[in-house]
Amino acid sequence: MEENFKMVAKTLFGFEELLANELTQLGAQDVKKGVRNVSFSGDKGFMYKANLGLRTAIKILKPIHTFTVNSEKDLYNKIYAMQWDQYLKPTGTLAVDATIHSDLFSHSLYIAQKTKDAIVDKFRDTTGQRPNVDLKFPDLKINVHVDRRQCTISLDSSGDSLHKRGYKTATNIAPINEVLAAGLIMLSGWDGETDFMDPMCGSGTMLIEAAMIACNIPPNLMRKEFAFERWQDWDVDLFEKIEESLLKKARDFHHKIIGYDKAPSAVAKTRDNVKNAQLDDFIEVKHEDFFKTQKAGEEKLHMVFNPPYGERLDIDMEQFYKNIGDTLKQNYPGTDAWFITSNLDALKHVGLRPSRKIQLFNAKLESRLVKYVMYEGSKKGKYMK
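Treat the numbers as computed from the prediction; the structure is a model and nothing was measured.

Focus: the overall build of the protein chain
- Per the secondary structure count, the protein chain includes 9 helices and 15 strands.
- Relative to its length of 385 residues, the protein chain is compact, with a C-alpha radius of gyration of 23 Å against a globular reference of 21 Å.
- Over its C-alpha atoms, taken along the principal directions, the protein chain stretches across nearly 80 × 45 × 40 Å.
- The buried share of the protein chain, taken over its 385 residues, is 52%.
- For the protein chain, the accessible surface area stands at approximately 18,500 Å², while carbon and sulfur atoms represent 47% of it.

Things to note about the environment of cysteine 151
- Within the element layout of this structure, cysteine 151 appears in strand β8 (residues 150-156).
- A sequence separation of 73 residues divides cysteine 151 from lysine 78, and the C-alpha atoms of the two residues are 10.0 Å apart.
- Excluding residues within four positions of it along the chain, cysteine 151 makes contact with His65, Thr66, Phe67, Val69, Leu75, Val144, His145 and Val146.

Points about the domain arrangement of the protein chain
- Assigned domains within the protein chain: domain 1 (5-156) and domain 2 (178-217 + 229-378).
- The C-alpha-based centres of domain 1 and domain 2 are spaced at 33 Å.
- Contacts between the two partners involve 31 residues from domain 1 and, on the opposite side, 25 residues from domain 2.
- Between domain 1 and domain 2 lies a buried interface of about 2,400 Å² when both sides are counted; carbon and sulfur atoms form 68% of it.
- Linking domain 1 to domain 2 there are 2 salt bridges.
- Ionic pairing is found between aspartate 139 and arginine 230, a salt bridge with its closest N-O pair at 3.7 Å.
- Seen at the junction of domain 1 and domain 2, the total is 6 residue pairs in polar contact (both at pLDDT 80 or more).
- Secondary-structure elements contributing two or more residues to the side of domain 1 that touches domain 2 are α1 (16-26), α2 (44-53) and β8.

Digging into the nonpolar core
- Counting residues in each nonpolar core, the largest one holds 51 residues, and the members touching the most others are Leu23, Phe40, Ile60, Trp84, Ile142 and Ile153.
- Counting residues per element, this core draws most heavily on helix α4 (residues 108-127), which supplies 6 residues.
- When residues of this core are assigned to domains, at least three fall in each of domain 1 (5-156) and domain 2 (178-217 + 229-378).
- Other than its neighbours up to four places away in sequence, leucine 23 contacts Ala9, Ala28, Val31, Val38, Phe40, Phe46 and Leu54.

Quick word on the sheet that holds strand β9 (residues 195-198)
- With respect to topology, 7 strands assemble into an open sheet ordered β11-β10-β9-β12-β13-β15-β14, the strand pairing being mixed. Here the strands that pair on one side only, and so sit at the sheet edges, are β11 (283-287) and β14 (356-362). Ignoring strand direction, the axes of neighbouring strands in this sheet form an average angle of 20 degrees.
- Taken together, the 3 bridges between β9 and strand β10 (residues 257-261) define a ladder with parallel strand orientation. If you follow methionine 197 over to β10, its bridge partner there is isoleucine 258.
- Packed on one face of the sheet, helix α5 (residues 178-187) meets β9, β12 (301-305), β13 (335-341), β14 and β15 (365-374) and runs near 170 degrees to β14.
- Docked against the sheet, helix α8 (residues 264-276) engages β10 and β11, running at close to 165 degrees with respect to β11.

Considerations on the packing of α5 against helix α6 (residues 205-215)
- Close contact between α5 and α6 brings their axes to 9 Å; oriented N to C, the two are set at 60 degrees. It follows that α5 is oblique to α6 by the angle criterion. In the crossing of α5 with α6, the sense of the turn from one axis to the other is right-handed. Residues Glu178, Ala181, Ala182, Leu184, Ile185 and Met186 of α5 pack against Thr205, Met206, Glu209, Ala210 and Ile213 of α6.
- Looking at side-chain class alone, the contact of α5 with α6 contains 8 nonpolar, 1 polar and 2 charged residues.

Side note on the pairing of strand β1 (residues 5-10)
- In this sheet, strand β3 (residues 37-42) lies alongside β1 in antiparallel orientation, the contact comprising 6 bridges. Its bridge partner lying in β3, lysine 6 is registered against serine 41.
- Bridge count for β1 against strand β4 (residues 59-68) is 3 bridges, and the pairing is antiparallel. Opposite lysine 10, over in β4, you have lysine 59 as the bridge partner.

A few points about the sheet that holds strand β6 (residues 132-133)
- Across the sheet, 8 strands lie side by side as β2-β3-β1-β4-β8-β7-β5-β6; this open sheet has mixed pairing. If you trace the sheet from one side to the other, it starts and ends with β2 (29-33) and β6, each paired once.
- As paired elements, strand β7 (residues 140-147) and β8 share 6 bridges and run antiparallel to each other. Along β8, the bridge assignment pairs valine 146 with cysteine 151.
- Where helix α3 (residues 72-80) meets the sheet, its contacts fall on β4 and β8, and the angle it forms with β4 comes to roughly 110 degrees.

Comments concerning the UniProt feature "domain: THUMP" (unreviewed entry) in the protein chain
- Mapped onto the present numbering, the UniProt feature "domain: THUMP" (unreviewed entry) falls on residues 46-157.
- End C-alpha to end C-alpha, residues 46-157 measures 12 Å, and it is 33% helix and 32% strand.

Section: the pairing of β2
- Pairing analysis gives 3 bridges linking β2 to β3, with the strands arranged antiparallel. For lysine 33, the partnering residue across the bridge sits in β3 and is valine 38.
- Here β2 hands over to β3 after 3 residues, with arginine 36 in that stretch at a positive phi of 60 degrees.

Calculation criteria
- Throughout this description, residue numbers start from 1 for each chain and increase along the sequence as written.
- Per-residue local features of the predicted model are confined to residues with pLDDT of at least 70, and side-chain atom pairs are confined, for both listing and counting, to 80 or more; whole-chain, interface and lining totals are unaffected and use all residues.
- In computing side-chain values, all of the structure's heavy atoms are included and hydrogens and water are not.
- Secondary structure elements are defined from DSSP: runs of H or I of at least 4 residues count as helices, runs of E of at least 2 residues count as strands, and each element is numbered from the N terminus.
- Here the globule rule is a power law, 2.2 Å times the number of residues to the power 0.38, and the radius of gyration is based on C-alpha atoms.
- Residue burial is assigned from relative accessible area. The probe radius is 1.4 Å, only protein chains are included, and a residue is buried under 20% of its type maximum, exposed over 50%, and partly exposed in between.
- Each accessible area value is a Shrake-Rupley result obtained with a 1.4 Å probe; residue values ignore everything except the protein chains displayed when judging cover.
- Residues are treated as being in contact if the distance between any of their heavy atoms lies within 4.5 Å.
- For the domains described, the bounds stem from an automatic or database domain assignment.
- Put simply, buried area is the surface a 1.4 Å probe can reach on two separate parts but cannot reach once they are joined, added for both.
- Definition used for salt bridges: Asp or Glu carboxyl oxygen within 4 Å of a side-chain nitrogen of Lys or Arg.
- Definition of a polar contact: a pair of N or O atoms within 3.5 Å, with one able to donate and the other able to accept a hydrogen when the atoms are protein atoms, and with sequence-neighbouring residues admitted only if both atoms are side-chain atoms.
- The criterion is simple. A nonpolar core is a set of buried Ala, Val, Leu, Ile, Met, Phe, Trp, Tyr and Cys residues joined through side-chain atoms within 4.5 Å.
- Only when DSSP finds a minimum of two bridges between them are two strands counted as paired.
- Interaxial angles span 0 to 180 degrees and are taken between N-to-C directions of axes, which are lines fitted to C-alpha atoms, for helices over the stretch in contact.
- Between 65 and 115 degrees an angle is taken as roughly perpendicular, under 35 as roughly parallel, over 145 as roughly antiparallel, and anywhere else as oblique.
- By the definition used in this description, the sense in which the near helix is turned from the far one sets the handedness, with an anticlockwise turn below a right angle giving left-handed and a clockwise turn giving right-handed.
- Side-chain classes follow a simple rule in which Ala, Val, Leu, Ile, Met, Phe, Trp, Tyr, Cys and Pro form the nonpolar group, Asp, Glu, Lys and Arg form the charged group, and the remainder, Gly included, forms the polar group.
- UniProt positions are given in the numbering used here, feature names are shortened, and annotations may be inferred rather than shown by experiment.

Structure representation (structure tokens):
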């Protein structure tokens, strides 16, 4: 039996609860929420499973050593003293990144450099050979985290951020991060039991993440590589077994996932990405201006979208958000509409009262995920004012 060890899954602010729930459902032990991270325990197979199966994780780190640090020299000496040959060959390649929350050090790049020097010097002194730096495809990606006087050295099992799912070849002008999209859909409570719509679908991220949630498809099946595939203990048979067990849990979906965009280029990009994700059977994409559309049918509709927010797109914000409110109010009865915005002033122009507001960050922009409930019945009547 493989031994359990501690891991840390990093996430976006506001998604800690979602990620903790995902980990628990996957079978993690000792799940503990932090800020932008959740720690847990599992074995090597579970590390593979977490990378493949978590929708709201950005990275899975495996801490290998923690120590108190008092100076740059102290940091260098303690990293030099570690048994690096357990993880890397003298002829291998490495990359180091660092995050610093400490009055001891001010530059994370400098700390990353110091760490790299200590590892390389150790190999040179003990074997006469030294590993090289490879920032793109290293054999070992190392994460250094200094919090005040405490330093944690971790191996990065993911490599590239886990939002890079592998299905996107085409993006539009302001694409939404895949982890953010999945988290928004999960926060909205959508469970695949109703039709889903993104009326401003951009390059289709929200639609694809919704389809994967509805069908319980692991989000990272299409990734070209995880960092752990270059580790000395890489077990391809175990990985394939884990992959197979996750795929067996996929389920049928009997509703519609619909995307609109008024830009023909966005519609074409979305169709490309949907095809890459092999989800054409579940997702329908139409060239439509949301403000000129109406809800089709009487069935309940769940809507999640990321309207343009003026950072990179030139639009009249007040009018645009007023149009969102008017269209929902007049044309979409029986709809739960959720959207994220970082333009907190623009929300005042929607003309409806949100039934929920959740604080999040879209990249570095403070944002709100808001919910508007459009009731069934007369268009004039029972919406929320």
